[in-house]
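# Per-entry structural report
Read off the chains here:
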Amino acid sequence: MLRRLTRRTARANLATTGFGTLLQSAVAQGSQSIGPGFASRSLAPFKISRLPARAPLGRVSAAHSYPPSWRTLNPLKIALEITPNLEPLFGTRDENLRLMEDSLGVRIDLRSDAVHVQGSEEGVTRIRHIFQDFETLRRQGIHPHNGELNGMLRLVVADPAATLRSVAEAGKQRSAGIKRTVQPRSLNQRRYVEAIEQSDMVFGVGPAGTGKTYLAVAMAVAAINAKRVSRIVLVRPAVEAGERLGFLPGTLQEKIDPYLRPLYDALFDMLDIEKVDKMIERNIIEVAPLAFMRGRTLNDAFIILDEAQNTTIEQMKMFLTRMGNNSKAVITGDITQIDLPNPRKSGLLDAINVLNGVEGIHFCHFEDSDVVRHPLVQRVVRAYESAKPQQQELPLSGAIEVDVAATPIEERAEPQPHHPAKPQ
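Here is what the cut-offs are and how they apply
- Residues numbered from 1 in each chain as written.
- Predicted model: local features only at pLDDT ≥ 70, side-chain atom pairs only at ≥ 80, totals over all residues.
- Heavy atoms only, no water.
- Helix = DSSP H or I, 4+ residues; strand = E, 2+ residues; numbered from the N terminus.
- Buried < 20%, exposed > 50% of the residue type's maximum accessible area, 1.4 Å probe, protein only.
- Contact = heavy atoms within 4.5 Å.
- Phe/Tyr/Trp six-rings, centres within 6.5 Å; stacked < 30°, edge-to-face > 60°.
- pLDDT = per-residue confidence, 0-100.
- Polar contact = N/O pair within 3.5 Å; in protein donor to acceptor, adjacent residues only side chain to side chain.
- Pairing = 2+ DSSP bridges.
- Axes fitted to C-alpha atoms, helices over the stretch in contact; angles between N-to-C directions.
- Core = buried A, V, L, I, M, F, W, Y, C linked by side-chain atoms within 4.5 Å.

Here we take up the overall build of the chain. Across its full length, the chain carries 16 helices and nine strands. For the chain, with 424 residues in total, the buried portion stands at 39%. Considering only contacts in the chain between residues 6 or more positions apart, those separated by 24 or more positions represent 69%.

This is the structure in structure tokens:
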């Protein structure tokens, strides 16, 4: 008789409160695990009570007087209005939404009437500010393409003090007179750009695809458009990447142009080709190999040394001492791609050790997370970095080491050349 009454009471409670509420109350009271004898146990320790109803979809105001336990168990939920031309904020295949969800720990659901955001109070607040800033930028006529917008969002979600509007305005100021917006896409890139603005000599060291050369050229073009310098000098060592091309036909400029092509690409990406050609003819932009820098003094110039890992120690010292008055120098390189016969004699490696801590010189180090090229480039860089310890354990060549001291003198003597007898 007692079992029947207990079962009826349990069914009635399940019908009014729900099974999930019953289990939640049991866990909160620290009861024993529910086993086969659940029906024969007393329900007194469970203290089943009805939880408050969920808040309706929309903004949660402070007027709701939910108990403290409800605020901790249930995240904040708001609904953001869908404004015209909001789709670019979502990104290709909603990649921007996934970025915000993963970085800020929120859940974003796109409905027919609104965008529902659920998560912690801080995360939801930052999402609301991003949507508001995007709408403000759209009304101001600023429409960044998907790649730029994704980079801006990466910077915003990584730095709580950054806002989408402030990042866009800073990029707009740097992009005066440039076809494309100069916009850092990571924290290290922003530190790199700020260091170029504040210091006269900056080293940008990191893997390929992190925007070292591109941002440096962009800052140089912005400086000359703002009349802060009178010319741009782009320098690169003429070192082939593991190949020997031999004799190149043509004039001297035609011989060195293949080595300096990456610098031309960055210039053409920011300025019209006709304008670049005209600036080169007037020597406002000078592109030259490193070998031609000795003996020169570069005044009122923005100097960029690209691929600095392929300079020798003597060449690096020679270049760093070319700076004149009102000049700025940016040195970029990747210490993992040294093409010199002896990588240990790289001028960039030596400069990192010698000049570290010198006043007025700033070093910016990039990581694989700063790669802004194709997503596969980032994975390739990480794969090579993870394989580096294994490669260092291998011998440098397949030759067998021979102990010269243990070899007899007779065997160590060079064999005498054999001359055949002349025919009689």
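If you walk through the whole model with that rule in mind, you get three aromatic pairs. Ring geometry for Phe203 versus Phe363: centroids 4.7 Å apart, planes at 15 degrees, classification stacked. Pair noted here: Phe203 is in strand E4 (residues 201-205) and Phe363 is in strand E9 (residues 361-365), with a separation of 160 residues, a long-range link. Ring centres of Tyr264 and Phe268 lie 6.2 Å apart, and the angle between their planes is 25 degrees; this geometry places the pair in the stacked category. With Tyr264 and Phe268 both in helix H11 (residues 252-270), this residue pair falls four residues apart, about one helical turn. We classify Tyr264 as buried; its relative accessible area is 7%.

Per-chain confidence: the chain averages 75 in pLDDT, with 69% of residues scoring 70 or above. Across residues 1-73 the pLDDT falls below 50, and counting only partners more than four positions away or on other chains, this stretch makes 57 contacts in the model. Across residues 393-413 the pLDDT falls below 50, and counting only partners more than four positions away or on other chains, this stretch makes four contacts in the model.

On to the side chain of Ser327. Mapped onto the secondary structure, Ser327 falls in the loop between helix H13 (313-320) and strand E8 (328-333). Overall, Ser327 belongs to the buried group, its relative accessible area being 6%. Polar contacts involving the side chain of Ser327 include one to the main-chain carbonyl oxygen of Leu298, which spans 2.6 Å. When neighbours within four sequence positions are excluded, Ser327 is seen to be in contact with Asp200, Leu298, Asn299, Asp300 and Ala301.

Our next topic: the pairing of strand E7 (residues 301-305). Within E7, five of the five residues are buried, which leaves the element mostly enclosed by the surrounding structure. Summarising the sheet, strand E5 (residues 231-236) and E7 pair through five bridges and their orientation is parallel. Bridge pairing links Val233 to Ile303 in E7. Of the pairings in the sheet, the one linking E7 to E8 comprises four bridges and is parallel in character. By the bridge assignment, Phe302 is partnered in E8 with Lys328.

Attention now moves to the sheet that holds strand E1 (residues 76-81). Spatially, three strands are ordered E1-E3-E2 in an open sheet, and the strand pairing comes out antiparallel. With one partner strand each, in any of the chains shown, E1 and strand E2 (106-110) form the two edges of the open sheet. Between one strand axis and the next, the sheet turns through 20 degrees on average, direction left out of account. As judged from the five bridges shared by E2 and strand E3 (residues 114-119), these two strands associate in the antiparallel manner. Bridge pairing in E3 places Asp109 opposite His116. Against the sheet, helix H6 (residues 121-139) engages E1, E2 and E3, with an angle of about 5 degrees to E1.

In terms of nonpolar packing, the biggest core is built from 37 residues, with Tyr192, Val221, Leu234 and Phe302 touching the most fellow members. Counting only elements with at least two residues in this core, the list comes to helix H9 (187-198), helix H10 (212-225), E5, H11, helix H12 (273-281), strand E6 (285-289) and E7. Considering each element in turn, this core owes the most residues, 10 residues, to H10. Ignoring sequence-local partners within four residues, the contact set of Phe302 consists of Ile196, Ala216, Met219, Ala220, Ala223, Val229, Arg231, Ile232, Val233, Lys328 and Val330.

Right, let's talk about the sheet that holds E9 for a bit. Here we have six strands laid out as an open sheet, ordered E6-E5-E7-E8-E4-E9, and parallel in their pairing. If you trace the sheet from one side to the other, it starts and ends with E6 and E9, each paired once. If you compare each strand with its neighbour and ignore which way they point, the axes differ by 15 degrees on average.

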